[in-house]
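# Summary of structural features
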Amino acid sequence: GIGWGMPYAFHPDEDNYLPGAMGLLLKGDLNPHYFSNPPLLTYTVLAELFAYLKVGQLLGFPQTPMDVGLQLLVAPTPLYAMARMNSALAGTATVLVTYWIARRLFGGRVGLLSGLLLAVAFLPVRDSHYAVNDIPATFLLMASFLCATAIYFGSVGKGLVPYLLSGLLLGLATATKYNVGLGAAAIAAAHLLRYRSWRELL
């Protein structure tokens, strides 16, 4: 379950995000000073911690960022569950996006099979339980790929909308995990399979 291992975080990469976001909250500094992993997930968790702080203030506890920081030290389970929920929701949504992509490209049966296989694949299921960047980045990458299929099929007509959406989602994916930036190849391939040149787009 999403509370696996609590109150201990056994996945070493989880220390990059929730504790990193907590450091930003306590310091009031939006510069993570750490770029081995891109910062979008850290900022997402920071926004959730800020919302958690504000809701706590309305309810009477916690009152300050220091109180939230202390909770991370002595009773971290709710905070980790909140951060891990990003991966759980993104992993679930990726199954649906995978179904849509495969259905659009190969038909309904292949779409169902593709979604089913992803839903029980070991690594995606395992990593959907952790507050790490792999699953959110995969979701954003697949969402970008879904928009690239709109370029290929021309389902929204000529224009920049599917390019902008696909590029935006790929940018967010890359801001979550650097190597998914290679997904730009899918956008270029979709265009080249649809049009003979970039001029035809306009």
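These remarks concern the structure in this document. Chains are numbered independently. Their residues run from 1 in the order of the written sequence. Local features in this predicted model are restricted to residues of pLDDT 70 or higher, and side-chain atom pairs are both shown and tallied only at a pLDDT of 80 or more, whereas totals for entire chains, interfaces and linings draw on every residue. Computation of side-chain values: all heavy atoms of the structure, hydrogens and water removed.

Put simply, DSSP marks the helices as runs of H or I at least four residues long and the strands as runs of E at least two long, and each gets a number from the N terminus on. Looking only at helices and strands, the protein features nine helices and zero strands. Dimensions along the principal axes, computed over C-alpha positions, put the protein at roughly 60 × 35 × 30 Å. Burial status across the protein gives 37% buried among its 202 residues. A total accessible area of about 11200 Å² is found for the protein, and carbon and sulfur atoms account for 70% of it. His is not counted here, nor are the chain ends, while Lys and Arg score as positive and Asp and Glu score as negative. All charge positions are set by atom: Lys at NZ, Arg at CZ, Asp at CG, Glu at CD. Taking the average place of the 12 positive charges on the side chains of the protein and the average place of its 9 negative ones, the gap between the two points comes to 19 Å. Per-residue accessibility, obtained with a 1.4 Å probe over protein chains only, is compared with the maximum for each type, and a residue is labelled buried under 20%, exposed over 50%, and partly exposed between these values. The Shrake-Rupley method, run with a 1.4 Å probe sphere, supplies the accessible areas, and residue values consider only the shown protein chains as cover.

The α-helix advances 3.6 residues per turn, and as a result positions three or four apart in sequence lie on the same side. For helix H7 (residues 134–153), spanning 20 residues, the distance from its first C-alpha to its last is 29 Å, which sits close to the expected 28 Å at 1.5 Å a residue. For H7, the full list of buried residues reads Ile135, Pro136, Ala137, Leu140, Ala143, Ser144, Cys147, Ala148, Thr149, Ala150 and Ile151. At its buried positions, H7 is contacted by helix H2 (40–59), helix H4 (77–106), helix H6 (122–127), helix H8 (161–174) and helix H9 (184–194). The span you would expect from a helix comes to 1.5 Å times its residue count less one. Should any heavy atoms of two residues lie within 4.5 Å, those residues are counted as being in contact.

Another point: unusual backbone geometry. Note that the residue after Met6, namely Pro7, is joined by a cis bond; omega there is 10 degrees. With respect to the helices, strands and loops of the structure, Pro7 is situated in the segment before helix H1 (18–27). Positioned with a positive phi, His33 is a non-glycine residue whose angle comes to about 55 degrees.

Here, a salt bridge means any Lys or Arg side-chain nitrogen found within 4 Å of an Asp or Glu carboxyl oxygen. Within this structure, the stated rule accounts for three salt bridges. Linking Arg84 and Glu14 is a salt bridge whose minimum nitrogen-to-oxygen distance equals 2.9 Å. With Arg84 in helix H4 and Glu14 in the segment before H1, the pair connects residues that are 70 residues apart, well separated along the chain. Grouping residues by exposure puts Arg84 and Glu14 together as buried. Across the salt bridge formed by Asp134 and Lys177, the nearest N and O atoms sit 3.2 Å from each other. With Asp134 in helix H7 and Lys177 in the loop between H8 and H9, this pair connects stretches of sequence that are 43 residues apart.

Pairing of aromatic rings covers Phe, Tyr and Trp, the last counted by its six-membered ring, and requires centre-to-centre distances within 6.5 Å; plane angles under 30 degrees mean stacked, over 60 mean edge-to-face, and any other angle means tilted. Following the criterion strictly, the structure yields four aromatic pairs and no others. Both rings, one in Trp4 and one in Tyr130, keep their centres 6.2 Å apart while their planes meet at 75 degrees; by these two values the pair is edge-to-face. Here the residue Trp4 occupies a position in the segment before H1, and Tyr130 occupies one in the loop between H6 and H7, the gap between them amounting to 126 residues. By relative accessible area, Tyr130 is classed as buried at 12%. Centre to centre, the rings of Tyr152 and Phe153 are 4.9 Å apart; their planes meet at 70 degrees, and the pair counts as edge-to-face.

On the accessibility criterion, Glu14 (0% relative accessible area) is buried. Pairs of N or O atoms within 3.5 Å make up the polar contacts considered here, provided that, within protein, one atom can donate a hydrogen while the other can accept it, and that residues adjacent in sequence are counted only when both atoms are side-chain atoms. Side chain to side chain, Glu14 and Arg84 meet in a polar contact 2.9 Å long.

Time to look at the environment of Ala188. Here Ala188 is to be found in helix H9. With 25 residues separating them in the primary sequence, Ala188 and Tyr163 have C-alpha atoms 9.6 Å apart.

A separate point is the side chain of Thr98. By the element assignment, Thr98 lies in helix H4. If near-sequence neighbours (up to four positions away) are discounted, Thr98 is found in contact with Ser114, Gly115, Leu118 and Met142.

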